[in-house]
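Listed here are the chains, written in short residue letters.
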Amino acid sequence: MKKLITLILVSGFALTGCTDLQRAIRGNDYVDASIASEERTKASSQYQEALKDALTNQNATFPQLSKEVTKDEAEVIIKTTEGDIRMKLFPKLAPLAVENFLTHAKEGYYNGLIFHRVIDGFMVQTGDPNGDGTGGQSIWKDKDASKDSGTGFRNEISPYLYNLRGAVSMANTGQDNTNGSQFFINQNKEDQSSKLSEQVYPKKIIDAYKAGGNPSLDGYHPVFGQVLEGLDVVDKIAQADKNEQDKPSTDIKINTIEIVKDYNFNS
């Protein structure tokens, strides 16, 4: 598996703000290729600056480590057949993923969908209308501006977000441009801190990984939210009886998703 530092150098859109490229992804028919190239270069440079800040600045902020829902964050409750999961979302750091999720949630896209893959000590996954991990699409489908994407939207990898226990992340093939509608919640409880280097991970994040999570997914699966309440529900889902494909024997469903605090992407 590639090292985290290798992948994140080429996946820096989390810190670019609402750039020309992101505006194009949000629906414009065309953007000049030179603009797209310039934005990617700018994003990589900005990412490196942010990574340096995350690694060296003792006052750097990692929003997953706070239970507060700030003005720049959204809040939702996933109401499942096993109980409620309250989480906050990070639209400033993962704007495409958060707008994708919120739009789907408002339109009822996720209502009635099952947790089709659950692995105790790893994660629980949902968001597929087919119910088997083969389906789902993003709201950005057919709105690509750079003309080089796959079937989904780009990875938004941030040096301030990680696959900690309770982190909500996009499910994809492990490649860029394959994020659709499927997402997962990191459930692993085992201490991961001894596996991590302070040359790659901020000290606060290494400490946070003592509570569990999946650092092997960092750089591949964009984090866009964090569970605030309901990790016991996540654990219960992960421990469900299942078949050889890790699908629960009895369907565990998302009933509805309540938007507690929305976010205005046009502000």
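Position labels on residues start from 1 in each chain and follow its written sequence. The model is predicted, so local features are restricted to residues of pLDDT at least 70 and side-chain atom pairs to those at 80 or more, both for listing and for counting; the totals for chains, interfaces and linings are taken over all residues. Neither water nor hydrogens contribute to the side-chain values; these are computed over all heavy atoms in the structure.

1. A look at the packing of aromatic side chains
The test is simple: Aromatic contacts are taken between Phe, Tyr and Trp rings whose centres are within 6.5 Å, Trp giving its six-membered ring; a plane angle under 30 degrees counts as stacked, one over 60 as edge-to-face, and the others as tilted. Only protein chains enter the accessibility calculation, which uses a 1.4 Å probe; a residue is then buried when its area is under 20% of its type maximum, exposed when over 50%, and partly exposed in between. Each helix is a run of DSSP H or I of at least 4 residues and each strand a run of E of at least 2, with the numbering of both proceeding from the N terminus.
Under the criterion given, the structure shown has 10 aromatic pairs. Taken together, a centroid distance of 5.4 Å and an interplanar angle of 85° make the contact between Tyr-109 and Tyr-110 edge-to-face. Note on Tyr-109: relative accessible area 22%, which makes it partly exposed. With 5.5 Å between their ring centres and 45° between their planes, Tyr-162 and Tyr-201 make a pair best called tilted. Of this pair, Tyr-162 sits in the loop between strand E4 (123-126) and strand E5 (167-170) while Tyr-201 sits in the loop between strand E6 (183-186) and helix H5 (203-208); the two residues are 39 residues apart in sequence, bridging distant segments of the chain. Accessibility assignment for this pair places Tyr-162 and Tyr-201 in one class, buried. The structure contains a cluster of three or more aromatic residues connected by ring pairs, namely Phe-101, Tyr-109, Tyr-110, Phe-183 and Phe-224.

2. Re the confidence of the model for the chain
As a reminder, the rule being used: Summary of the metric used: pLDDT quantifies the predictor's per-residue confidence within the range 0 to 100. Residue contacts are defined here by distance: any two heavy atoms, one from each residue, within 4.5 Å place the two residues in contact.
Of all residues in the chain, 80% have pLDDT values of 70 or greater, and the mean over the chain is 85. Low confidence marks residues 1-31, where pLDDT is under 50. Its contacts with residues over four positions away, or in another chain, come to 73 contacts. Note that pLDDT drops below 50 for residues 144-150; the model gives that stretch 16 contacts with residues more than four away or on any other chain.

3. A short note on the sheet that holds strand E8 (residues 254-261)
Applied cut-off: Strands are treated as partners if at least two bridges between them are detected by DSSP. Here the axes come from fitting lines to C-alpha atoms, over the contacting stretch only for helices, and the angles between their N-to-C directions go from 0 to 180 degrees.
Spatial ordering of the open sheet is given by E3-E4-E6-E5-E7-E2-E1-E8, a layout of eight strands whose pairing is antiparallel. Edge positions in the open sheet fall to strand E3 (117-119) and E8, since each of these has one partner strand only. On average, each strand axis in the sheet is inclined to that of its neighbour by 25°, with strand direction left out of account. As paired elements, strand E1 (residues 74-80) and strand E2 (residues 83-89) share seven bridges and run antiparallel to each other. Note on E2: the bridge partner recorded for Val-76 is Met-87. Together, E1, E2, E3, E4, E6 and strand E7 (223-229) form the strand contacts of helix H6 (residues 231-238), whose direction differs from that of E2 by roughly 120°.

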